[in-house]
Amino acid sequence: MAAEPSRLATRKRRLRSRMAARPRWSAADAERAARAAAGHLAASPELAAAQVVVLYGALPDELPSRALYSAVRAAGVPPAFPRMSAGGVLEIVVEIEWEQLVPGRYGVPEPPFGCSARSLLPGDLVLVPGLAFDRAGHRLGRGAGYWDRTIPAPRPAGLVVVGVGFAWQLIEEVPHGPDDRGVDAVLTEAGWHRVPRRGGP
């Protein structure tokens, strides 16, 4: 259930602290998890149907994304990466190579400026990191709101948003409000959790 604004902010802040307090996986374990998640992605109908896959440059506490990129490339689907803009939304840069990513705002790897960008479109499969997800498709981000402002509402048919993380980040409940954008599925090293079809964004 959506909460009143100040109470919602408090609940989100507490959950962020709780998730941040979890012991970090070793780099080797995180890479093994990433390879397992990439295997699930490679075999999925979501990837088979995608015209473009929007990936993310992972921060140290997120599921590494290089293996996901390799799975997308192996499937012959054009990869894309988001770039933070001054307007507080993410610009999508298509056909960008992993080696072209540079540190952006907050240290997030992103395409350099000078590459042409667009918004999200039907046919995009969007892989979104997060601190926590629940089985109803709610996502907890870091609080800057970039993805929430970028994912359109109502969501057009054919635009698929997938939360990506470690299996322990799939929890019982994520606090959420009307401006928070949910995900259609969650992908972890343990496999897929697909969210039952729901109305709204």
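Cut-off values and rules
Residues numbered from 1 in each chain as written. Predicted model: local features only at pLDDT ≥ 70, side-chain atom pairs only at ≥ 80, totals over all residues. Heavy atoms only, no water. Core = buried A, V, L, I, M, F, W, Y, C linked by side-chain atoms within 4.5 Å. Buried < 20%, exposed > 50% of the residue type's maximum accessible area, 1.4 Å probe, protein only. Helix = DSSP H or I, 4+ residues; strand = E, 2+ residues; numbered from the N terminus. Contact = heavy atoms within 4.5 Å. Polar contact = N/O pair within 3.5 Å; in protein donor to acceptor, adjacent residues only side chain to side chain. Pairing = 2+ DSSP bridges. Axes fitted to C-alpha atoms, helices over the stretch in contact; angles between N-to-C directions. Parallel < 35°, antiparallel > 145°, perpendicular 65-115°, else oblique. Left-handed = near helix turned anticlockwise from the far one by under 90°.

## What to know about the nonpolar core
Phase 1 of the analysis: Leu41, Val53, Leu55, Leu63, Leu68, Leu127 and Val164 are the most contacted members of the largest nonpolar core, which has 38 residues in total.
Phase 2 of the analysis: Mapped by element, the contributors of at least two residues to this core are helix 1 (5–20), helix 2 (27–42), helix 4 (66–74), strand 6 (124–129), strand 9 (160–164) and strand 11 (185–188).
Phase 3 of the analysis: Sequence-distant contacts of leucine 63, that is, excluding residues within four places in its chain, are made with Ala30, Ala33, Ala34, Ala37, Tyr56, Ala58, Val164, Gly165 and Phe166.
Phase 4 of the analysis: One finds Val54, Leu120, Tyr146 and Val183 within the second-largest nonpolar core, a separate group that totals 19 residues.

## Considerations on the side chain of glutamate 189
Phase 1 of the analysis: Its location among the elements puts glutamate 189 in the loop between strand 11 and strand 12 (191–194).
Phase 2 of the analysis: Polar contacts involving the side chain of glutamate 189 include one to the main-chain amide nitrogen of alanine 167, which spans 3.0 Å.
Phase 3 of the analysis: Setting aside its immediate chain neighbours within four residues, glutamate 189 contacts Trp25, Ala33, Ala36, Ala37, His40, Gly165, Phe166 and Ala167.

## Things to note about the sheet that holds strand 10 (residues 170–171)
The strands making up a sheet associate through backbone hydrogen bonding, with each pair oriented either parallel or antiparallel.
Phase 1 of the analysis: Here we have 3 strands laid out as an open sheet, ordered 8-7-10, and mixed in their pairing. Where the open sheet ends on each side, the last strands, each with one partner, are strand 8 (139–140) and strand 10.
Phase 2 of the analysis: Looking at chain direction, strand 7 (residues 132–134) and strand 8 are connected through 2 bridges and run antiparallel. Each bridged residue has a counterpart across the sheet, and for alanine 132 the counterpart in strand 8 is leucine 140.

## Observations concerning the environment of arginine 66
Phase 1 of the analysis: Along the chain, arginine 66 falls in helix 4.
Phase 2 of the analysis: C-alpha of arginine 66 to C-alpha of alanine 33: the two residues are 33 residues apart in sequence and 12 Å apart in space.
Phase 3 of the analysis: Aside from chain neighbours lying at most four places away, what touches arginine 66 is Trp98 and Glu99.
Phase 4 of the analysis: Looking at arginine 66, its side chain comes within polar contact range of the side chain of glutamate 99, at 3.1 Å.

## Considering the sheet that holds strand 12
Phase 1 of the analysis: If you walk across this open sheet you meet the 7 strands as 3-2-1-6-9-11-12, and the pairing is mixed. Among the strands making up the open sheet, the edge pair consists of strand 3 (90–94) and strand 12. Here the average twist between neighbouring strands, direction ignored, is 25 degrees.
Phase 2 of the analysis: Where strand 9 and strand 11 come together, 3 bridges link them in parallel fashion. Across the sheet, valine 164 pairs through a bridge with leucine 187, a residue of strand 11.
Phase 3 of the analysis: Seen against the sheet, helix 2 touches strand 6, strand 11 and strand 12 and runs at an angle of roughly 135 degrees to strand 11.
Phase 4 of the analysis: Packed onto the sheet, helix 4 meets strand 1 (52–54), strand 2 (79–84), strand 6, strand 9 and strand 11 and runs at close to 135 degrees relative to strand 2.

## Comments concerning the packing of helix 2 against helix 4
Phase 1 of the analysis: Here helix 2 crosses helix 4 at 25 degrees, and the two axes come no closer than 8 Å. Here helix 2 lies roughly parallel to helix 4, going by the angle between them. Where helix 2 crosses over helix 4, the handedness of that crossing is right-handed. Contacts from Ala34, Arg35, Ala37, Ala38, Leu41 and Ala42 in helix 2 reach Ala67, Leu68, Ala71 and Val72 in helix 4.

## Description of unusual backbone geometry
Phase 1 of the analysis: Alanine 153 connects to proline 154 through a cis peptide bond whose omega is 0 degrees.
Phase 2 of the analysis: Topologically, proline 154 is positioned in the loop between helix 5 (146–150) and strand 9.
Phase 3 of the analysis: In this structure, glutamate 95 is a non-glycine residue whose phi angle is positive, near 60 degrees.
Phase 4 of the analysis: Tracing the chain through its elements places glutamate 95 in the loop between strand 3 and strand 4 (102–103).
Phase 5 of the analysis: A positive phi angle is found at tyrosine 106, which is not glycine, with a value near 65 degrees.
Phase 6 of the analysis: Along the chain, tyrosine 106 falls in the loop between strand 4 and strand 5 (109–110).

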